[in-house]
Amino acid sequence: MVTLSPDLKAKLSTPLKIGSFEVKSRVLQSPLSGVTDMVFRRLVRRYAPESMMYTEMVNATGLHYVKQLPKIMEVDRNERPISIQLFDCRPDFLAEAAVKAVEEGADTVDLNMGCPVNKITKNGGGSSLLRQPEVAEAIVREVVKAVDVPVTVKTRIGWSDKEITILDFAKRMQDAGAQMITVHGRTRAQGYNGNARWEWIARVKEILSIPVIGNGDIFSVEAAVKCLEQTGADGVMCSRGTLGYPFLAGEIDYFLKTGEELPAPTPIQRLECAREHLQALYEYKGDRGVRQARKHMTWYSKGFAGAADLRGQLSLIENVQQGVDLIDRAIEQLANGYELIEENQLAIRLSGVCEAIAQ
Ligand SMILES: Cc1cc2nc3c(=O)[nH]c(=O)nc-3n(C[C@H](O)[C@H](O)[C@H](O)COP(=O)(O)O)c2cc1C
């Protein structure tokens, strides 16, 4: 059974203060490229209405030259709190993009300094900024000057085991004007492998005065509580644990606010959510949305008899109706008493999901 210490409980009863902006939840839904579009965020927000959500990362250079807002930057006027995440290595382009983000409705602007993907780092963005702290500082300073909403940073603990630079880096970000920092407890070299090293998050928390958010391996309510207890972080951000499971931030938020655990959604409820996700992606993006939905659908299809077959079929759907029919049939079979696989549901949910990597 999960329990909260009295100290943690007291802290969690106050809002998260990101500069002048207050958030009434200590659980954040991370930016996930190819995932956290408006459709996904709407699903997450149904269960975690007070949580901060992030767009997928937006390329500031692209924005400078194309002069048109990409769909991934779109924000619904009613969805709040919302942060738009930007990546690049040019302070001027990032400042320009931040202004557009605020016009679009961002409550905060987040700067990606953690992405490990080669095509981003070779251009000086994402986690390569950990190796160019002066550039990262200049970016934060320029963006802070350009907008009147809080500017935040999301990063990793370092480039590699030989270069764990997060303590110096985080302090620099704070001094340059960042109002919150999210630390993913892995190095760039780790990618998504091995455990997140929360002990580094604890060390960052000790030396900063701005809020520090713990990220990495928050796959359950229990993990979220452990991370908060072990690091003293001001909040937790969930990521891969939400793939095919938009309930997670809500489950954690509910526990942190009430001390009680919500019952896990049944496979039928998960499949109903998958169907809604598929239909909404189609409405929002047309056939491209259906193609994008394939991966989501396979993430949802876990933990019941016939799930592997369903996954295989859903990964090949050509149109929305085909997907809806497959899901409807699976729901009908489950409703008719097909047995659930009595295994560890969390392990099942995560199998496959953890191999997902940023595009
Ligand atoms: C598919 C995928 C896409 C991601 N996209 C982004 C992104 O756009 N911006 C970002 O800052 N981090 C991105 N990340 C990193 C996550 O936000 C998070 O930091 C990381 O997955 C660690 O948390 P976890 O161990 O709980 O998954 C992505 C990760 C994955 C798996």
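Residues numbered from 1 in each chain as written. Predicted model: local features only at pLDDT ≥ 70, side-chain atom pairs only at ≥ 80, totals over all residues.

By the naming in an unreviewed UniProt entry, the protein goes by tRNA-dihydrouridine synthase and is assigned to Brasilonema bromeliae SPC951. Of the protein, the UniProt comment under Cofactor (unreviewed entry) reads exactly: "FMN". (UniProt positions renumbered as here; feature names shortened; annotations may be inferred.)

Trainee: Hey, could you go over the overall build of the protein for me, with residue numbers and the actual values?
Mentor: In terms of regular secondary structure, the protein is built from 15 helices and 11 strands. What you see for the protein is a C-alpha radius of gyration of 20 Å, in line with the 21 Å of a compact globule of 359 residues. The buried share among the 359 residues of the protein stands at 51%. Residue pairs at least 24 apart in sequence account for 70% of intrachain contacts in the protein once pairs closer than 6 positions are excluded. (Helix = DSSP H or I, 4+ residues; strand = E, 2+ residues; numbered from the N terminus. Rg over C-alpha atoms; globule rule 2.2 N^0.38 Å. Buried ≥ 20, exposed ≤ 12 C-beta atoms within 10 Å, placed from the backbone. Contact = placed C-beta atoms within 7 Å.)

Trainee: Tell me what's going on with the nonpolar core, and back it up with residues and numbers.
Mentor: Judged by nonpolar contacts, the single largest core of 106 residues is most densely connected at Leu86, Leu94, Val140, Val143, Ala224, Val236 and Ile252. The residue makeup of this core includes at least three contributed by each of domain 1 (6-258) and domain 2 (267-355). (Core = buried A, V, L, I, M, F, W, Y, C linked by C-beta atoms within 7 Å. Domains from an automatic or database assignment.)

Trainee: Describe in detail the environment of Asp253, supporting the description with residues and values.
Mentor: Within the secondary structure layout, Asp253 lies in helix 10 (residues 248-258). For Asp253, a count of 24 C-beta atoms within 10 Å gives the class buried. Residue contacts for Asp253: discarding those within four places in its chain leaves Ser25, Val27, Ala48, Glu50 and Ser51.

Trainee: Quick rundown of the pairing of strand 7 (residues 108-113)? Include the residues and the values.
Mentor: With 6 of 6 residues buried, strand 7 is to be regarded as a mostly interior element. Residues of strand 7 alternate between two faces, with Thr108, Asp110 and Asn112 on one and Val109, Leu111 and Met113 on the opposite face, all of them buried. With 4 bridges joining them, strand 6 (residues 82-87) and strand 7 adopt parallel strand pairing. Residue Ile84 lies in a different strand from strand 7, and its bridge partner there is Val109. Crossover connection from strand 6 via helix 4 (residues 91-104) to parallel strand 7: handedness right-handed. (Pairing = 2+ DSSP bridges. Right-handed = clockwise from strand over helix to strand, strands pointing away.)

Trainee: A description of the packing of helix 13 (residues 307-314) against helix 14 (residues 320-335) should follow, citing residues and the corresponding values.
Mentor: Contact geometry of helix 13 with helix 14 gives a least axis separation of 10 Å together with a crossing angle of 170°. Here helix 13 lies roughly antiparallel to helix 14, going by the angle between them. Residues Leu310, Gln313 and Leu314 of helix 13 touch helix 14, and the partners they reach there are Gly323, Leu326 and Ala330. Considering only residue class, the contact of helix 13 with helix 14 consists of 4 nonpolar, 2 polar and no charged. (Axes fitted to C-alpha atoms, helices over the stretch in contact; angles between N-to-C directions. Parallel < 35°, antiparallel > 145°, perpendicular 65-115°, else oblique. Nonpolar A, V, L, I, M, F, W, Y, C, P; charged D, E, K, R; others polar.)

Trainee: An account of the site of the ligand is requested, with residue identities and associated values reported.
Mentor: Taken together, 27 residues lie near the ligand, and Ser30, Ser33, Met57, Ser239 and Arg240 sit nearest. Taken together, the residues of the shell around the ligand break down into 12 nonpolar, 11 polar and 4 charged. (Near = placed C-beta within 6 Å.)

Trainee: Can you tell me about the environment of Ser128, naming the residues and giving the values?
Mentor: Along the chain, Ser128 falls in the loop between helix 5 (118-121) and helix 6 (133-146). Through-space distance from the C-alpha of Ser128 to that of Val117 is 9.7 Å; in sequence the pair is 11 residues apart.

Trainee: I'd like a rundown of the domain arrangement of the protein, residues and numbers included.
Mentor: Annotation of the protein at the domain level lists domain 1 (6-258) and domain 2 (267-355). A C-alpha centroid distance of 28 Å is found between domain 1 and domain 2. Each partner contributes to the interface: domain 1 provides 12 residues, whereas domain 2 provides 15 residues. Of the residues in the side of domain 1 that touches domain 2, the class split is 8 nonpolar, 3 polar and 1 charged.

Trainee: Let's hear about helix 11 (residues 267-285): which residues, and what values?
Mentor: A rise of 1.5 Å per residue sets the reference length of helix 11, with its 19 residues, at 27 Å; its end C-alpha atoms lie 26 Å apart and thus fit the reference within 8%. Among all positions in helix 11, only Pro267, Arg270, Leu271, Cys273, Ala274, Arg275, His277, Leu278, Leu281 and Tyr282 are buried. The elements touched by buried residues of helix 11 are helix 2 (38-47), helix 12 (287-300) and helix 14. Of the residues trailing helix 11, Gly286 is marked for its positive phi of about 70°. (Expected span 1.5 Å × (residues − 1).)

Trainee: Quick one: what's the story with the pairing of strand 10 (residues 212-215), residue by residue and with numbers?
Mentor: For a regular strand, side chains alternate in direction, first toward one face of the sheet and then toward the other. Every second residue of strand 10 is oriented toward a common face, with Val212 and Gly214 on one face and Ile213 and Asn215 on the other, all of them buried. Here strand 9 (residues 180-187) runs beside strand 10; their pairing, made up of 4 bridges, is parallel. The partner of Thr182 across the bridge, within strand 10, is Ile213. In this region the chain leaves strand 9, passes through helix 8 (residues 198-207) and returns to the parallel neighbour strand 10; the handedness of that crossover is right-handed. Pairing between strand 10 and strand 11 (residues 235-238): 3 bridges, direction parallel. Opposite Ile213, over in strand 11, you have Gly235 as the bridge partner. For the crossover that starts at strand 10, traverses helix 9 (residues 221-231) and ends in the parallel strand 11, the hand is right-handed.

Trainee: Give a description of helix 7 (residues 166-176) that names residues and reports values.
Mentor: Residues lying three or four places apart along an α-helix face the same way, a consequence of the helix completing one turn every 3.6 residues. Every buried residue belonging to helix 7 is among Ile166, Phe169, Ala170, Met173, Gln174 and Ala176, and all of these are buried. Along helix 7, the residues classed as buried sweep out an arc of 165° about the axis, all on the same side. For helix 7, the secondary structure elements touched by its buried residues are helix 6, strand 8 (151-158), strand 9 and helix 8. (Arc of directions from axis to C-beta.)

Trainee: Please provide a residue-by-residue account of the packing of helix 7 against helix 8, values included.
Mentor: Two numbers describe how helix 7 lies on helix 8: the axes approach to 10 Å, and their chain directions differ by 40°. By the angle class used here, helix 7 and helix 8 are oblique. The chirality of how helix 7 crosses helix 8 is right-handed. Along the contact surface, helix 7 presents Ile166, Leu167, Ala170 and Lys171, while helix 8 presents Trp200, Arg203, Val204 and Ile207. (Left-handed = near helix turned anticlockwise from the far one by under 90°.)

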